[in-house]
Protein chains: 2
Amino acid sequence: MDRRQIVRTGAVGAVAATLAGPARAQSLPEVKWRLTSSFPKSLDTLFGATEFLARRVAQMTDNRFQIRTFAAGEIVPPLQALDAVQNGTVECAQTAPYYYIGKDATFAFGTAVPFGLNTRQHTAWLRHGGGQELMDELYKSYNTTAFQMGHTGAQMGGWFRKEIKSLEDLKGLKMRIAGFAGQVMQKLGVLPQQLAAGEVYSALEKGTIDAMEFVGPHDDQKLGIAKVAPFYHYPAWWEGGASLSLFVNLQAFEALPESYRAILQAACTEATEWTLAKYDALNPRALRELVAGGTKLVPFPAAVLEASFAAAKEVFAETAAANPRFKKVHDSYMAFRAEEVLWFRVAENGFDNFMARQSAANRL
Amino acid sequence: MDRRQIVRTGAVGAVAATLAGPARAQSLPEVKWRLTSSFPKSLDTLFGATEFLARRVAQMTDNRFQIRTFAAGEIVPPLQALDAVQNGTVECAQTAPYYYIGKDATFAFGTAVPFGLNTRQHTAWLRHGGGQELMDELYKSYNTTAFQMGHTGAQMGGWFRKEIKSLEDLKGLKMRIAGFAGQVMQKLGVLPQQLAAGEVYSALEKGTIDAMEFVGPHDDQKLGIAKVAPFYHYPAWWEGGASLSLFVNLQAFEALPESYRAILQAACTEATEWTLAKYDALNPRALRELVAGGTKLVPFPAAVLEASFAAAKEVFAETAAANPRFKKVHDSYMAFRAEEVLWFRVAENGFDNFMARQSAANRL
């Protein structure tokens, strides 16, 4: 029997009967799905997570549940991933929920908001803080369900042609930055820019824009931006941890046997760990190489962080006033944040900061 | 057909044929395993992870791979979990590798060493830093393989009858602390004590011992130790993140169909996330309640941390000189640590420390 030989029952919810006879079909049906990613193959850690996911799902089902992965643009453009899942063009998509804040600002809590939860805190909120249930209400209204599938950790603040030394330096700054971060920046005088990734280098070279933000050392290094914008500020206060998701069409998910649903979720959790661990393992060398190549590593001034924090509160309050769903999730998320940071200040930060001091003193 | 009705083929590697006919048996054999834990049921987060694991494995296999979980002492005593797996008394065990440093000091790197990797860094080392492969060599020589299965995050330094204000206060201090941490403490004048958990309260009350360390707020709160030893020091520099493992008997693991092996590993990763997220979600309230109840939250003095750091280096050097396997793993682990901390100092700590300052200023 050729396990690949399946009868597709439609674009969505393709739980197909195999040709192998009722007993095997009953126990393990063949399913073929398509996954569209919002990321290109060049982002090897993010897109790599989709290939890892597909491999693990196949291994756990003796190759009977197969997911074929497509990079951004192969089926639909990067930012139409959610729509493609919602309308059943594909069964699932790897994307960042906060790309869809134009539909509903509440999507932001699926990825990151300015001065939000860090990586561990975000996972704790989703798993044991009521976060997943709250986000599921939103996702359901888009005919989807979604599982955490990847994390970048805290990101870098991006690349600047001139060093940001004070709040004054933000006035009139043309920065490629989107979403809530862009709204907060705007309150500080920044002029947020929309620009395709491929145009960023020459725009920085020509001075059409002054700054751009991306991910972290491993991904940023490939852009070669340091040559034209050498000041690498940190941290990305708008992404203290950015969570990716696998969006799944509701009908496709419900058509899966229960064991496949559990396997898909488990593989998403594995992919989350795989991605985060890979970033954590790859970023140090990339950072070292960037600095050796002339990148100037500079923290954002305290005054910039403080003003951004205050501006972020304003943006949240304005958004909450206009969007009751946003307010509901915001209130849960922020109450959780207050508790988490209080506890992390003790053992976790206490340990990390001591180790950081040993590193700074060259004792590691 | 009763799926529970199986033919056991032996204590270990019980890949049993079902009574349902060859087609189904071929695709999804019934397997029944026993899991012994090193933890009692009262440690609901740690022991809870075994029940979570069993549930997820059952869901992913349509209840055909069943793991029955036993608390410490029900089959074997807590610290004989590894032996029970090695000799096939049970197929698997949830335990902390560092409990077995008496067999080989290298086991410590499976859980935590003084001033070691934090939670994320440890996972990164295991997954993408060569750590798992190095540890597998050790585990294989004990007829086992092991998967990460749970994490506590950075722990608390424990409970002290008198506040530790200087290195002088450690001289002659009778502290319930074991393993490498005990060896390091000994170099600073502490007298490490062995004591059953049930005897700790009255020993502290009588002054037979002066201090004890356990886990973190959620677990520690249940001990009620604050009444007799109110100074709660932090951080546990010996456990900047403690990783638990599922040890699996090699023959039992190899007898599993490939899909079940993948499912077991995926469930371990899910259990790791579940445990860590649960601790992260539960610790804040416990800490708040402890402090409201009179617990004095006090950081270890910088001089104590510095001296402990230097003493830990000595202990590592002495152990490495006597144990080539320890040296090999140590060198990989410490090289990885130097790189990780360098990178975490930038975006991750930069973000966390700003949030900590907002928390301290009551702005969250």
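Report on the accompanying structure. Keep in mind that what you see is a predicted model, and the values were worked out from it rather than measured.

We now examine the overall build of chain A. For chain A, the helix and strand inventory stands at 13 helices and 12 strands. The C-alpha atoms of chain A give a radius of gyration of 22 Å, which matches the 21 Å a tight globule of 364 residues would have. Counting only C-alpha atoms, chain A reaches 70 × 45 × 45 Å along its principal axes. Residues classed as buried in chain A amount to 62% of the 364 residues present. Sequence-distant contacts, at least 24 apart, represent 76% of the contacts inside chain A between residues at least 6 apart. Working note: accessible area of chain A is about 13,000 Å², and carbon and sulfur atoms make up 52% of it.

Residues and elements named next belong to chain B. Residues Cys92 and Gln94 line one face of strand β4 (residues 92-95) and the alternating positions Ala93 and Thr95 line the opposite face, and both faces are buried. Inspection of the sheet shows strand β2 (residues 30-37) paired to β4 by three bridges, in the parallel sense. Counterpart to Leu35 in the pairing with β4 is Cys92. Across four bridges, β4 lies against strand β11 (residues 243-249) in antiparallel orientation. Bridge assignment links Gln94 to a residue of β11, and that residue is Leu246.

This paragraph deals with the relation of the copies chain A and chain B. With an RMSD of 0.0 Å, chain A superimposes on chain B once it is rotated by 180° and translated 0.0 Å along the axis. What we have between these two chains is a two-fold relation. A share of 100% of interface residues in chain A that are also interface residues in chain B marks the association as one of identical surfaces.

This next bit is on the interface of chain A and chain B. Listed as interface residues are 82 residues of chain A and, on the opposing side, 82 residues of chain B. Regarding the contact of chain A and chain B, the summed buried area is about 7,300 Å², with carbon and sulfur atoms giving 61% of it. At the boundary of chain A and chain B, one finds eight salt bridges. Run the count over chain A and chain B and you get 25 residue pairs in polar contact (both at pLDDT 80 or more). Secondary structure elements with two or more residues in the side of chain A that touches chain B: α1 (22-27), α2 (44-60), α4 (119-128), α10 (258-292), α11 (302-322), α12 (324-344) and α13 (347-360) of chain A. Taken together, the residues of the side of chain A that touches chain B break down into 38 nonpolar, 22 polar and 22 charged.

Parameters at a glance
- Residues numbered from 1 in each chain as written.
- Chains lettered and ligands numbered in written order.
- Predicted model: local features only at pLDDT ≥ 70, side-chain atom pairs only at ≥ 80, totals over all residues.
- Heavy atoms only, no water.
- Helix = DSSP H or I, 4+ residues; strand = E, 2+ residues; numbered from the N terminus.
- Rg over C-alpha atoms; globule rule 2.2 N^0.38 Å.
- Buried < 20%, exposed > 50% of the residue type's maximum accessible area, 1.4 Å probe, protein only.
- Contact = heavy atoms within 4.5 Å.
- Areas by Shrake-Rupley, 256 points an atom, 1.4 Å probe, with all protein chains shown as cover.
- Pairing = 2+ DSSP bridges.
- Least-squares fit on C-alpha atoms with pLDDT ≥ 70 in both.
- Buried area = accessible area lost by both parts, 1.4 Å probe.
- Salt bridge = Lys/Arg side-chain N within 4 Å of Asp/Glu carboxyl O.
- Polar contact = N/O pair within 3.5 Å; in protein donor to acceptor, adjacent residues only side chain to side chain.
- Nonpolar A, V, L, I, M, F, W, Y, C, P; charged D, E, K, R; others polar.

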